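Listed below are the residues making up each chain.
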Amino acid sequence: MKKYTLLLLILTFALSPMYAQTKWKETPKGSFNLVENQGGQTLGYSPMSGVKILTVNGLAFKDLNKNGKLDAFEDWRLPYDQRSKDLASKLSIEEIAGLMLYSSHQSIPARAGGYFAGTYNGKPFKTGETDPTELTDQQKEFLKKDHLRHVLVTTVQSPEIAAQWNNKLQAFCESVGFGIPANNSSDPRHGTRAKAEFDAAAGGEISMWPSPLGMAATFDPTLIEKFGKIAADEYRALGITTALSPQVDIATEPRWGRFNGTFGESPLLSAAMGQAYCDGFQSSVWGAKSVNAMVKHWPGGGSGEAGRDAHYANGKFAVYPGNNFDAHLIPFTQGAFKLKGQTKMASAVMPYYTISWNQDKKYHENVANNYNKYIITDLLRNKYGYDGVVCTDWNVTKLHTSMDSFLDGKSWGVENLSLGELHYKALMAGVDQYGGVNDMKPILEAYQLGVKEHGEAKIRARMEQSAVRLLRNIFRVGVFENPYLNPEETKAIVGKPEYMKAGYEAQLKSVVLLKNQAKALPVTSKKTVYVPKRFSPAGRNFLGVETPATTEYPVNIDIVQKYYNVTDNADEADFALVFIQNPTATIGYDKEDLKKGGNGYIPISLQYGDYTATDAREKSIAGGDPLENFTDRGYKNKSTKTANVTDAQLVTETKAKMKGKPVVVSVNASNPMVFAEIEKDASSILVSFGVQDQAILDIVSGKAEPSALLPMQMPADMKTVEKQAEDVPYDMTCHKDSEGNSYDFGFGMNWKGVINDARKTMYRK
């Protein structure tokens, strides 16, 4: 009997979790250890964080809260929802508030001054002395004191430095509280450097692709899904697990300052591109290759009155004179919320700053979308069944003090509320997270307001609901298991040659040929080209930093010389190649007009020459602001100037100098424009949307053939711009050129002539 009892005890111990045969191995990787589970998840942890490895049934798990036992949230075998609910239930209100924060912009390393500034042990960053991979004082504070876990990364010194910084950030997060890892994010970072040379055998700091508008010009969703997969691989190698993109607003207002970040004015094209983008980034299934896609901006921000943008108080209103509000939802409901892959829908949504004027059909509030319960709860949550994270755009819950500052607080329609009240109203409207907020105090104030109105249990449940959504997105991308990076692998992945090549090929496919009189293009032999220098006027960037005036070659002339002989004497040239930008518009607001007794509102022009708005509407549709004592934002009969009028003059002057020889004009466009001023002086016109100079030269020389189509209309004049409805696509009279072609949505040419394939009509509905 004793023998059987002893045998039973041995079997009991052998089969117990503690004594089960180990099915994992651990390998030191410098600053972190890697634990590989046989047939399970790979774990990464910092030995300095205090985290230990638990063995259960022979498998390894991270004891993130350091309590010596396996909690449900630590068990990688369980579903994401179960883990999220378990952890959310354990968090204090302060820790939940920290999850609801989304940091202000973080530069790696932090700049010594200005908007992206930070300090290291109380001192600003100094090259050669400060380690750029270290956390700033401010980062340590908001990670520990405010429990913040969502970090917005902007510029990085190099991919390797980004990887090393990420590892230090994650080790710090792992060492405090429940060891919740950081969910790092980025705005789009795959734009081009125009003058950079492309070499198929060389890599770069990150692959370069055309702007979203350029991607739309390909009319090819499979291309943008490929981009999404490549970009996700590069993001993950940088430690980025959330993309603050795609921007699927339909750009029905041609003057809108954010037109270039969209997929154009077609609801169906925007839906197809947004769907492909999210499928690419999030991957077919959730895991270590996935990047959360935060689609923006619900319910569409592309109909700002008169083209003004809601980053500014003067552009706070989205208007719907064509009663076309529902069309602006299509890119979300038929695109980002209806993915082909198993992730099903974009994991996060960002509402826009705008007040969707008179669109609240239940509570009848004209407040910003981030505060509008009808827009977020009744429509997004209830009608369309969205249960992902809703994150406000940046600075929404800050105080409004200026009519024309990009960095102003954007509490449109609720400007009279305190910081705590702003956070509370957004929370009760259905928001889960606050963009650009590092301090948890206003959220705790919102919590206390909720306790007073609803009782502690109900407001705790509401905030815990947001915590579950936020944690679920962190669990889905696998960083609870392993948030650490190998800097050498990062260096090998980010900007590797095959990714650079794919981006460059996409650039070639994004360039639209609008005009080709007498088949001036391509110029296949090494002829002599005249490239005039371009004048760029002095100005200010969106942060208010002054930029000096310059006169220089608008193209990398060394690259041009590899294709053609270059001369500064037009008489010696066989043809001219003129590089310009579309007309540079104002923000539609001018303090000088205020000084003259006006309301401050002026027209936004899409033409180079001086413009007077004789055809503008008599009075604005929407208006009202605490800093204004009027509601009419009209600008009829007012005038405006375009900063780069010299671009049009450059085309005219070049035609005169060339004395009948071909003039090829390359326009880098961010918005629709009035071509009437320059088209007659151009033999050929190429329109690009953020590509490398070399891509233009590959097309000019015939090494590549243009295949792109316009993803928007090009207006005949400013009268048709003023008469169109801000919320309606395809409602302008388009420019007709000397060849009889109309620059309409879907128009484009190749070497044979006008392109007439299925793409031209499939998305125009």
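Residues numbered from 1 in each chain as written. Predicted model: local features only at pLDDT ≥ 70, side-chain atom pairs only at ≥ 80, totals over all residues. Heavy atoms only, no water.

Caption draft 1: The arrangement of the overall build of the chain in detail. Each helix and strand in the chain was counted, giving 21 helices and 32 strands. The C-alpha atoms of the chain give a radius of gyration of 28 Å, which matches the 27 Å a tight globule of 765 residues would have. In terms of its C-alpha atoms, the chain occupies a principal-axis envelope of roughly 110 × 60 × 55 Å. Within the chain, the fraction of its 765 residues that count as buried is 60%. Across the chain, every contact between residues at least 6 apart in sequence was considered, and the portion connecting residues at least 24 apart equals 73%. Of the roughly 29700 Å² that the chain leaves accessible, carbon and sulfur atoms contribute 52%. (Helix = DSSP H or I, 4+ residues; strand = E, 2+ residues; numbered from the N terminus. Rg over C-alpha atoms; globule rule 2.2 N^0.38 Å. Buried < 20%, exposed > 50% of the residue type's maximum accessible area, 1.4 Å probe, protein only. Contact = heavy atoms within 4.5 Å. Areas by Shrake-Rupley, 256 points an atom, 1.4 Å probe, with all protein chains shown as cover.)

Caption draft 2: The arrangement of the nonpolar core in detail. Among the nonpolar cores identified, the biggest contains 142 residues, and Leu-87, Ile-180, Phe-281, Trp-298, Phe-337, Leu-471 and Phe-480 are the most heavily contacted of them. Excluding anything up to four places from it in sequence, Phe-337 contacts Val-295, Trp-298, Phe-332, Lys-344, Met-345, Val-349, Leu-380 and Tyr-386. Leu-513, Val-667, Phe-689 and Trp-751 belong to the second-largest nonpolar core, a separate cluster that totals 67 residues. (Core = buried A, V, L, I, M, F, W, Y, C linked by side-chain atoms within 4.5 Å.)

Caption draft 3: Structural detail: helix H10 (residues 373-383). When you tally the buried positions in H10, you get eight out of eleven residues, the bulk of the element. Tucked into the core, H10 has its buried residues touching strand E13 (292-298), strand E15 (348-351), strand E17 (389-390), helix H11 (419-429) and helix H13 (456-476). Capping the start of H10 is the job of one residue whose side-chain oxygen sits 3.0 Å from the backbone nitrogen of Tyr-374: Asn-372. (Polar contact = N/O pair within 3.5 Å; in protein donor to acceptor, adjacent residues only side chain to side chain.)

Caption draft 4: Broad picture of the sheet that holds strand E1 (residues 24-28). With respect to topology, three strands assemble into an open sheet ordered E1-E2-E3, the strand pairing being antiparallel. Of all the strands in the sheet, just E1 and strand E3 (42-45) have a single pairing partner and so form its edges. For this sheet the average axis-to-axis angle between neighbouring strands, irrespective of direction, equals 20 degrees. Inspection of the sheet shows strand E2 (residues 33-37) paired to E3 by four bridges, in the antiparallel sense. Within the sheet, the bridge partner assigned to Val-35 lies in E3 and is Leu-43. (Pairing = 2+ DSSP bridges. Axes fitted to C-alpha atoms, helices over the stretch in contact; angles between N-to-C directions.)

Caption draft 5: Summary view of the sheet that holds E13. Strands sit in the order E7-E10-E11-E12-E13-E15-E17 across an open sheet of seven strands; the sheet is parallel. If you trace the sheet from one side to the other, it starts and ends with strand E7 (105-108) and E17, each paired once. Across three bridges, the pairing between E7 and strand E10 (residues 150-156) is parallel. Counted as the bridge partner of His-105 is Leu-152 from E10.

Caption draft 6: The arrangement of the pairing of E10 in detail. With five of seven residues buried, E10 is to be regarded as a mostly interior element. Bridging between E10 and strand E11 (residues 183-186) involves four bridges; their strand directions are parallel. From the neighbouring strand, Val-153 faces E11, where its bridge partner is Ser-186. For the crossover that starts at E10, traverses helix H5 (residues 159-174) and ends in the parallel E11, the hand is right-handed. (Right-handed = clockwise from strand over helix to strand, strands pointing away.)

Caption draft 7: Local environment of the environment of Val-529. With respect to the element layout, Val-529 can be found in strand E20 (residues 528-530). Placed 32 residues apart in sequence, Val-529 and Gln-561 show a C-alpha to C-alpha distance of 9.1 Å. Ignoring sequence-local partners within four residues, the contact set of Val-529 consists of Val-560, Tyr-564, Asn-565, Val-566, Thr-567, Ala-573, Phe-575, Ala-576 and Leu-577.

Caption draft 8: Representation of the packing of helix H2 (residues 80-90) against H13 in the model. As a packed pair, H2 and H13 sit with axes 8 Å apart at the nearest point and diverge in direction by 135 degrees. Our classification of the angle between H2 and H13 gives oblique. Handedness of the crossing formed by H2 with H13: right-handed. Across from Tyr-80, Asp-81, Arg-83, Ser-84, Lys-85, Leu-87, Ala-88 and Ser-89 in H2, the residues of H13 making contact are Arg-460, Glu-464, Ala-467, Val-468, Leu-471, Arg-472, Phe-475 and Arg-476. Looking at side-chain class alone, the contact of H2 with H13 contains seven nonpolar, two polar and seven charged residues. (Parallel < 35°, antiparallel > 145°, perpendicular 65-115°, else oblique. Left-handed = near helix turned anticlockwise from the far one by under 90°. Nonpolar A, V, L, I, M, F, W, Y, C, P; charged D, E, K, R; others polar.)

Caption draft 9: Local environment of helix H18 (residues 645-658). When the terminal C-alpha atoms of H18 are compared, their 21 Å separation across 14 residues agrees well with the 20 Å that a helix rising 1.5 Å per residue should span. Those residues of H18 lying buried are Asp-647, Ala-648, Leu-650, Val-651, Thr-654 and Met-658. Seen from one end, H18 has its buried residues packed into an arc of 155 degrees, which puts them on one side. Elements that come into contact with the buried residues of H18 comprise E20, strand E21 (534-536), strand E26 (575-581) and strand E29 (663-668). Among the residues trailing H18, Lys-659 stands out with phi positive, at a value near 50 degrees. (Expected span 1.5 Å × (residues − 1). Arc of directions from axis to C-beta.)

Caption draft 10: Molecular detail of the pairing of strand E30 (residues 684-688). The buried fraction of E30 amounts to five of the five residues, a majority that puts the element mostly inside the structure. Residues of E30 alternate between two faces, with Ser-684, Leu-686 and Ser-688 on one and Ile-685 and Val-687 on the opposite face, all of them buried. The sheet contact formed by strand E19 (residues 512-516) and E30 spans four bridges and is antiparallel. Across the sheet, the residue bridging to Val-512 is Val-687, located in E30. In the sheet, E29 pairs with E30 via five bridges, with the strands oriented parallel. Within E30, the residue paired with Val-665 across the bridge is Ile-685.

Caption draft 11: Region of interest: the packing of aromatic side chains. The full count for this structure, using the stated rule, is 31 aromatic pairs. Taken together, a centroid distance of 5.2 Å and an interplanar angle of 75 degrees make the contact between Tyr-589 and Tyr-601 edge-to-face. Taken as a pair, Tyr-589 in the loop between E26 and helix H17 (591-595) and Tyr-601 in the loop between H17 and strand E27 (611-612) lie far apart in primary sequence, twelve residues in all. Here Tyr-601 falls in the buried class, since its relative accessible area comes to 0%. Joined through ring pairs, the aromatic side chains of Trp-209, Phe-227, Tyr-235, Tyr-277 and Phe-281 make up one cluster. (Phe/Tyr/Trp six-rings, centres within 6.5 Å; stacked < 30°, edge-to-face > 60°.)

Caption draft 12: Representation of unusual backbone geometry in the model. A cis geometry characterises the amide bond from Lys-296 onward to His-297, with omega recorded as 5 degrees. Topologically, His-297 is positioned in strand E13. That bond from Trp-298 to Pro-299 is cis: its omega, -5 degrees, falls within 30 degrees of zero. Note that Pro-299 resides in the loop between E13 and strand E14 (317-318). Backbone geometry places Ala-306, a non-glycine residue, at a positive phi of 60 degrees. Among the structural elements, Ala-306 can be located in the loop between E13 and E14. Even without being glycine, Lys-519 reaches a positive phi, approximately 50 degrees. Take Lys-519: it is sitting in the loop between E19 and E20.

Caption draft 13: The environment of Asp-249, seen in detail. Of note, Asp-249 is situated in the loop between strand E12 (242-243) and helix H8 (267-282). Side chain to side chain, Asp-249 and Gln-247 meet in a polar contact 3.5 Å long. At a separation of 3.1 Å, a polar atom in the side chain of Asp-249 contacts the side chain of His-297.

Caption draft 14: Broad picture of the side chain of Asp-432. Relative to the elements of secondary structure, Asp-432 occurs in the loop between H11 and strand E18 (434-435). A polar atom in the side chain of Asp-432 sits 2.8 Å from the side chain of Arg-469. When residues no more than four places from it in sequence are discounted, the contact partners of Asp-432 are Met-100, Arg-381, Gly-388, Val-389, Val-390, Arg-462, Ser-466, Arg-469 and Leu-470.

Caption draft 15: Structural context of the state of the cysteines. With the rule as written, the count across this model stands at zero disulfides. Free of any disulfide, Cys-391 has its nearest neighbouring cysteine sulfur in Cys-278, separated by 15 Å. Classification of Cys-391 by relative accessible area gives buried; the value is 0%. (Disulfide = S-S within 2.5 Å.)

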